[in-house]
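Coordinate analysis (summary)
What follows is each chain in one-letter form.
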Amino acid sequence: MMTEKLARSAIQPKNALLNVSRSANLPHVPGIRVGDYLFLSGMGPIDPRTGGRNHGPIAEQVRTTLSNVKHLLESAGSSLERVVRVHVVLADISHLDEMDRVYREFFPVNPPARTAWSMQLRFGNGCEIECVALVD
Amino acid sequence: MREIITAPLPGLDLRRHYGHYQSPAIRAGGLIFCSGMIAVDPQTGERRHGTLSSEAQVIFGNLKLLLESAGSSLDRLVQVHALIHDSAEYDVLNRVYRQYVANGPPARTVCGACLPDGARVLIECTALA
């Protein structure tokens, strides 16, 4: 039984240009920490140098997005190795294999649980990636 | 601590059969996070193409095997994401779904999506370890 009430705290990326919810005034935060878990908002292909969107080839978009996820995790005291579950949403399901090729570079061993699918994405993004990780 | 849960039967490892780069499930901090499951034969990994209803039944059978091998069960589900290829089939999903969560259904979201491997339905779940 839980004996104390868990607190919930918002986490922020060290690079403020990746704080899309703040820069675009959207009603969400980059991530929430609860106990030993970190729940991140969906991240898109934001250029970490400009804060603008990188709508290049899908492989490049996935690489940018996962680099941003890595930055967010590390800003909050976690890391890619501690990612538990990932949602990969693509604009086009035919990009699955290409996404996978880049994805492997970020999780070289013991990859997290994952679900990948495609649906219409906002802002013309080719991918959006959301994850749950451990912080400890 | 984060622990990989391996597939109890070879067909349930979608990485092996479909190249999906993922672990079948991960146990972490009291919860089990499963990768999205599609209708595959649990022994051979072969796709069990069918109606949404028949695919959902295969998926629940597979999730039961996976969760039980990890010491959990369908009665311990916390949250489910069900993705269906045609949102008009929402009621069809519900009919099958009810049979498998009869002892108190978990939180759930259903949405229409394009799915890999020609799947009509994909179910992803989080359960208590």
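In this text, all values refer to a predicted model and were calculated from it rather than measured experimentally. (Residues numbered from 1 in each chain as written. Chains lettered and ligands numbered in written order. Predicted model: local features only at pLDDT ≥ 70, side-chain atom pairs only at ≥ 80, totals over all residues.)

This brings us to the sheet that holds strand β5 (residues 107-112) of chain B. Residues and elements named next belong to chain B. Strand order in this open sheet of six strands is β1-β2-β3-β6-β4-β5, and the pairing throughout is mixed. Looking at which strands have only one partner, the edges of the open sheet turn out to be β1 (2-5) and β5. Strand-to-strand twist of the sheet, defined as the mean angle between neighbouring strand axes without regard to direction, takes the value 15°. The pairing of strand β3 (residues 31-34) with strand β6 (residues 121-128) spans three bridges and is classified as antiparallel. Bridging from a neighbouring strand, L31 pairs with L128 of β6. Seen against the sheet, helix α3 (residues 90-100) touches β4 (77-84), β5 and β6 and runs at an angle of roughly 145° to β4. (Pairing = 2+ DSSP bridges. Helix = DSSP H or I, 4+ residues; strand = E, 2+ residues; numbered from the N terminus. Axes fitted to C-alpha atoms, helices over the stretch in contact; angles between N-to-C directions. Contact = placed C-beta atoms within 7 Å.)

Right, let's talk about the nonpolar core for a bit. Within the largest apolar cluster, 66 residues are counted, with the highest numbers of intra-cluster contacts made by I59 and V121 of chain B. Leaving out residues up to four positions away in the same chain, V121 of chain B has contacts with L52, E55, A56, I59, A82, L83, I84 and L93 of chain B. (Core = buried A, V, L, I, M, F, W, Y, C linked by C-beta atoms within 7 Å. Buried ≥ 20, exposed ≤ 12 C-beta atoms within 10 Å, placed from the backbone.)

This part takes up the pairing of strand β4 (residues 83-90) of chain A. Residues and elements named next belong to chain A. Across the eight residues of β4, seven count as buried, placing the element largely inside the fold. Note: β4 against strand β6 (residues 127-134), seven bridges, orientation antiparallel. Bridging from a neighbouring strand, V88 pairs with I129 of β6. Examined bridge by bridge, β4 and strand β5 (residues 113-118) share six bridges and lie parallel to one another. Paired with V88 across the two strands is A116, which belongs to β5. Crossover handedness for the path β4 to helix α3 (residues 96-106) to β5: right-handed. (Right-handed = clockwise from strand over helix to strand, strands pointing away.)

So, about the sheet that holds strand β1 (residues 8-11) of chain A. Residues and elements named next belong to chain A. Judged by pairing direction, the sheet is mixed, and its six strands sit side by side in the order β1-β2-β3-β6-β4-β5 without closing on themselves. At either end of the open sheet lies a strand with only one pairing partner, and these are β1 and β5. When the angles between neighbouring strand axes are averaged without regard to direction, this sheet yields 15°. Across three bridges, strand β3 (residues 37-40) lies against β6 in antiparallel orientation.

Listed by partner, the interface residues are 23 residues for chain A and 22 residues for chain B. Looking at the side of chain A that touches chain B, the elements with two or more residues in it are β4, α3, β5 and β6 of chain A. Here the side of chain A that touches chain B gets six residues from one element, more than from any other, and that element is β5 of chain A. A breakdown of the residues in the side of chain A that touches chain B according to their chemical character gives 13 nonpolar, four polar and six charged. (Nonpolar A, V, L, I, M, F, W, Y, C, P; charged D, E, K, R; others polar.)

Let's shift gears to the packing of helix α2 (residues 58-75) of chain A against α3 of chain A. All names here are of chain A. Look at α2 against α3: their axes get within 9 Å of each other, and the N-to-C directions meet at 30°. For the element pair α2 / α3, the angle class is roughly parallel. The interaxial crossing formed by α2 with α3 has right-handed handedness. Residue-level inspection shows I58, A59, V62, R63, L66 and K70 of α2 in contact with α3, the latter providing E98, M99, R101, V102, Y103 and F106. The residue inventory of the contact of α2 with α3, partitioned by class, reads eight nonpolar, no polar and four charged. (Parallel < 35°, antiparallel > 145°, perpendicular 65-115°, else oblique. Left-handed = near helix turned anticlockwise from the far one by under 90°.)

Backbone geometry follows two general trends: most residues other than glycine have a negative phi, and most peptide bonds adopt the trans configuration. Residue and element names in this part refer to chain A. A positive phi is found at N110, a non-glycine position, where the angle reads about 40°. Judged by the 11 C-beta atoms lying within 10 Å of it, N110 falls in the exposed class. Positive phi values are uncommon outside glycine, yet F123 reaches one of about 65°. Inspection of the secondary structure puts F123 in the loop between β5 and β6. A residue is classified by how many C-beta atoms lie within 10 Å of it, and F123, with 12 of them, is exposed.

Our next topic: the environment of M43 of chain A. Residues and elements named next belong to chain A. Note that M43 resides in the loop between β3 and α2. Accessibility expressed as a C-beta count within 10 Å gives 26 for M43, which makes it buried. In this structure, the C-alpha to C-alpha distance between M43 and A133, residues 90 residues apart in sequence, is 14 Å. The residues contacting M43, other than those within four sequence positions of it, are T65, N68, V69, L72, E128 and I129.

Everything listed here is a matter of coordinates, which is why it stays silent on function.
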